[in-house]
Amino acid sequence: MATEGSEAANIQTFVDYIRASAMSAQAGDSFDGQGLGDLWRRPEPQLLPTPSVVRGFRIRIDLQHTKPPVWRRVEVPGDILLPRLHEVIQAAMGWTDSHLHRFRTSNDQNPPEFLTRFDLAEGTEGMLEEDVRLDQVLAAEGDRLWYDYDFGDDWNHLLHVEKVLDSPPPAPTCVGGRLACPPEDCGGVWGYAELAAWVRADYDNAILPQAFDSAAEGRDWLPDGWHPDTFAIGETNELIAAAMADPVPLVEELESLLELADNVGARGVRDALAHPAISGATDVSAEDAADLAEPFLVLLDVVAPGVTLTNAGYLQPAAVEQIAHRTGVADWWPRKANREDLTRPVMNLRATARALGLVAVRKGRIAPTQAIAKHRDDPQAILRHIVGRLPLGRTPDERHAGWMALTVAANETPAELWDSRISELMFELGWSDSKDPYRAPAPGSATLDVLRLLGGSMRGIRRPRGVNKAVAAMARAVILP
């Protein structure tokens, strides 16, 4: 917010310009208003010379207008680039990088500011933040930089240099702070103040925030365990370390997808791929391979060396029954498992196996493909073949959904959270529900079907839960070169 003095100065400058233009017109000169654009054009930031010696900065970050103040104290190297500083701020404060941001060098009405790639893609002209070092903006104790996040809730942060360090820290570090970060999308400072007062009052119905119809709705909406007075410096530094970790090398198609996500400001995809678990093992033991590949091994055994399909193109009832009993489907399926069209798990297994190139249908008969026939008793060979075929799909939406499914499995997201996380990442990539452009798309994909089958979905009516380390290793084998 500009000060009254700066607003008055801008208005007086504008009045003086109009008065001078009018006098010029009376004297017979033409007036085309061309100078007005220069008057109100946003100035570009003025950069300092790049220092010959890199120093460090101890910076206090204040979330403005919060009472009592929410703040963090961080130490960062002077040569950190602004996009990386953005990541430090997000991690230190506790934001989720779900919205746009911008750095600016003053608090005036029309301040110089740095642009993101998203701004450039939208046609905004100006200086890109990408190649700007912090020590080209700040140099001495008392210097300030502003950081705005989420232009809806309008979170304004003031970065104030408390001390210039003789040598830079080896990595960005949080050395102090107070209070929890407000929940995302809580309605800005006023919404946060209502939430904080309500939680501090032990969820007193008398001061229930207006955004909620009931206390139960409010408590369900709040992040798990959120309390306005908590701050854990250890957890904060873990988040900063994760944000600063170098990304692992990825296969070319996923690398291109990550670049697309970065260009539209979709930080969630990079965060998912920067998770420490992504660097985990990619090997699967023989025992684990047999467990993962079990439903496919059963199908291959039943249809070898070739089985005639019904006139309608389905598996024969005897084959359906055998598969259902051997995979465990018959133990929980509510109907008699002897017709493929009425036993969806078996039908999905065959469709998935065919999409993976494990089985083929020719002249009314189904059999293992030639590439698989000689390996149908080797679980690890079957898994290697599956890895080479993932993700499934040809259209962009199928491919993107497949890569996101592999990503959440590879970073060891619990299986019960796969759907919601995949939908979130797809929404960040620009996909939405076909009926509601403001709603995340459904997570379903042929690749997700494969992961669920590997995770044991045929053994019980519930979808897989928890983390299956072997499934995660296999997913990593797909995404890592």
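Our structure is the block above this text.
What comes next concerns the included structure. These numbers were taken from a predicted model, which means no experiment stands behind them.

Time to look at the overall build of the protein. Tallying secondary structure elements over the protein gives 18 helices and ten strands in all. Principal-axis analysis of the C-alpha atoms gives the protein an extent of 95 × 60 × 50 Å. In the protein, which comprises 481 residues, the share counted as buried stands at 45%. Partitioning the intrachain contacts of the protein with sequence separation of at least 6 by distance along the chain shows that 67% fall at a separation of at least 24. Within the structure as shown, the protein displays about 24700 Å² of accessible surface, and the carbon and sulfur contribution to it stands at 50%.

One open sheet holds the seven strands; their spatial order is S4-S3-S5-S6-S1-S2-S7, and the pairing between them is antiparallel. The open sheet has two free edges, formed respectively by strand S4 (113-114) and strand S7 (173-178), since each of these has just one partner strand. Sheet analysis places strand S1 (residues 56-63) next to strand S6 (residues 155-165), joined by eight bridges and oriented antiparallel. Each bridged residue has a counterpart across the sheet, and for Ile 59 the counterpart in S6 is Val 161.

This brings us to the sheet that holds strand S10 (residues 365-368). One open sheet holds the three strands; their spatial order is S8-S10-S9, and the pairing between them is antiparallel. Every interior strand has two partners, whereas the edge strands, strand S8 (307-308) and strand S9 (359-362), have only one. By the bridge criterion, two bridges tie S8 to S10 in an arrangement that is antiparallel. Counterpart to Val 307 in the pairing with S10 is Ile 366. Along the sheet, helix H10 (residues 286-303) contacts S8, S9 and S10; its crossing angle with S10, the most-contacted strand, is approximately 125°. Along the sheet, helix H12 (residues 344-355) makes contact with S9 and S10, crossing S9 at roughly 95°.

This part is about the nonpolar core. Within the largest apolar cluster, 74 residues are counted, with the highest numbers of intra-cluster contacts made by Ile 386 and Met 404. In terms of residue count, H10 provides more of this core than any other element does, ten residues in total. Ile 386 has contacts with Phe 296, Leu 356, Val 450, Leu 454 and Met 474, leaving out every residue within four places of it along the chain. Counting residues in hydrophobic clusters, the runner-up holds 48 residues, among them Leu 82, Val 161, Val 164 and Tyr 192.

What follows concerns the packing of aromatic side chains. Counted according to the given criterion, the structure contains seven aromatic pairs. Among the aromatic residues, ring-to-ring pairing joins Trp 198, Tyr 203, Phe 212 and Trp 221 into one connected group. Above the ring of Trp 71, the side-chain terminus of Arg 60 is found at 4.3 Å from the ring centroid. Sitting over the face of the ring of Tyr 203, Arg 219 holds its NZ or CZ atom 3.8 Å from the ring centroid.

With that settled, the discussion passes to unusual backbone geometry. Here the residue pair Ala 304 and Pro 305 is connected by a cis peptide bond, since its omega of 0° sits within 30 degrees of zero. Considering the arrangement of structural elements, one finds Pro 305 in the loop between H10 and S8. Pro 391 follows Leu 390 through a cis peptide bond whose omega is 0°. On the secondary structure map, Pro 391 appears in the loop between helix H14 (379-389) and helix H15 (396-410). Its identity as a non-glycine residue notwithstanding, His 65 has a phi of 75°, on the positive side. The residue His 65 is located in the loop between S1 and strand S2 (70-77) in this model. On the basis of relative accessible area, His 65 is assigned to the exposed category, the value being 59%. Residue Asp 202 is not a glycine yet carries a positive backbone phi of 60°.

A few words on the state of the cysteines. Applying the stated criterion across every chain yields a total of zero disulfides. With no disulfide partner, Cys 181 has as its closest neighbouring cysteine sulfur the one in Cys 186, 8.5 Å distant. On the accessibility criterion, Cys 186 (11% relative accessible area) is buried.

Right, let's get into H14. Residues of H14 that are buried include every one of Pro 379, Ala 381, Ile 382, Leu 383, His 385 and Ile 386, and no others. Summarising the contacts, the buried residues of H14 are in contact with H10, helix H13 (370-373), helix H17 (446-454) and helix H18 (469-479). You can read the cap of H14 off the contacts: a side-chain oxygen lies 3.2 Å from the backbone nitrogen of Gln 380, and it is on Asp 378.

Put simply, side chains in a regular strand alternate between the two faces of the sheet. Within S1, six of the eight residues are buried, leaving the element largely enclosed by the surrounding structure. One ladder, built from eight bridges, connects S1 with S2; its direction is antiparallel. Bridging across to S2, Arg 60 finds its partner in Arg 73. Hairpin connection, S1 to S2: the antiparallel pair is bridged by six residues, and His 65 has positive phi, about 75°.

A word on helix H16 (residues 418-428). For H16, the set of buried residues is Trp 418, Ile 422, Ser 423, Leu 425 and Met 426. The buried residues of H16 occupy an angular sector of 165° when the element is viewed end-on, so they sit on one face. Residues of H16 that are buried in the fold lie against helix H9 (267-274), H15, H17 and H18. Where H16 ends, the next residue or the one after it, Gly 430, has phi of about 105°, a positive value.

Below, the discussion takes up the environment of Trp 226. With respect to the helices and strands, Trp 226 occurs in the loop between helix H6 (215-221) and helix H7 (233-244). Judged by its relative accessible area of 10%, Trp 226 falls in the buried class. Along the primary structure Trp 226 and Thr 343 are separated by 117 residues, whereas in three dimensions their C-alpha atoms are 44 Å apart. Setting aside chain neighbours within four positions, we find Trp 226 in contact with Ala 180, Cys 181, Pro 182, Pro 183, Tyr 192, Leu 195, Ala 196, Val 199 and Tyr 203. For Trp 226, the side chain forms a polar contact with the main-chain oxygen of Cys 181, separated by 2.8 Å.

Cut-offs applied
Numbering of residues begins from 1 in every chain and follows the order in which that chain's sequence is written. Only residues with pLDDT of at least 70 get local features here, since the model is predicted, and only at 80 or more are side-chain atom pairs given and counted; chain-wide, interface and lining totals rely on the full set of residues. Neither water nor hydrogens contribute to the side-chain values; these are computed over all heavy atoms in the structure. We count a stretch as a helix when DSSP gives it H or I for four or more residues in a row; a strand needs E for two or more, and each element gets its number in order from the N terminus. Each residue is placed in one exposure class: buried if its accessible area under a 1.4 Å probe, protein chains only, is under 20% of its type's maximum, exposed if it is over 50%, and partly exposed if it falls in between. Contact between two residues is taken to exist if any of their heavy atoms lie within 4.5 Å; hydrogens are not considered. Here, Shrake-Rupley sampling with a 1.4 Å probe gives the accessible areas, and only protein chains in the shown set may cover a residue. Pairing between strands is defined by DSSP: at least two bridges between the two strands are required. Axes here mean lines fitted to C-alpha atoms, for a helix over just the part in contact, with angles spanning 0 to 180 degrees between N-to-C directions. Only buried Ala, Val, Leu, Ile, Met, Phe, Trp, Tyr and Cys residues count toward a nonpolar core, and they belong to the same one when joined by side-chain atoms within 4.5 Å. A pair of Phe, Tyr and Trp rings is counted when the ring centres sit within 6.5 Å of each other, with Trp represented by its six-membered ring. The angle between the planes then sorts it: under 30 degrees is stacked, over 60 is edge-to-face, the rest tilted. Lysine and arginine charges are scored as sitting over a ring when NZ or CZ, respectively, is within 6 Å of the ring centre and within 35 degrees of the ring normal. Only a pair of cysteine sulfur atoms within 2.5 Å qualifies as a disulfide here. Counting of polar contacts relies on pairs of N or O atoms within 3.5 Å, with two restrictions inside protein: one atom must be capable of donating a hydrogen and the other of accepting it, and residues adjacent in sequence are counted only when both atoms are side-chain atoms. Directions drawn from the helix axis to the C-beta atoms are what define this arc.

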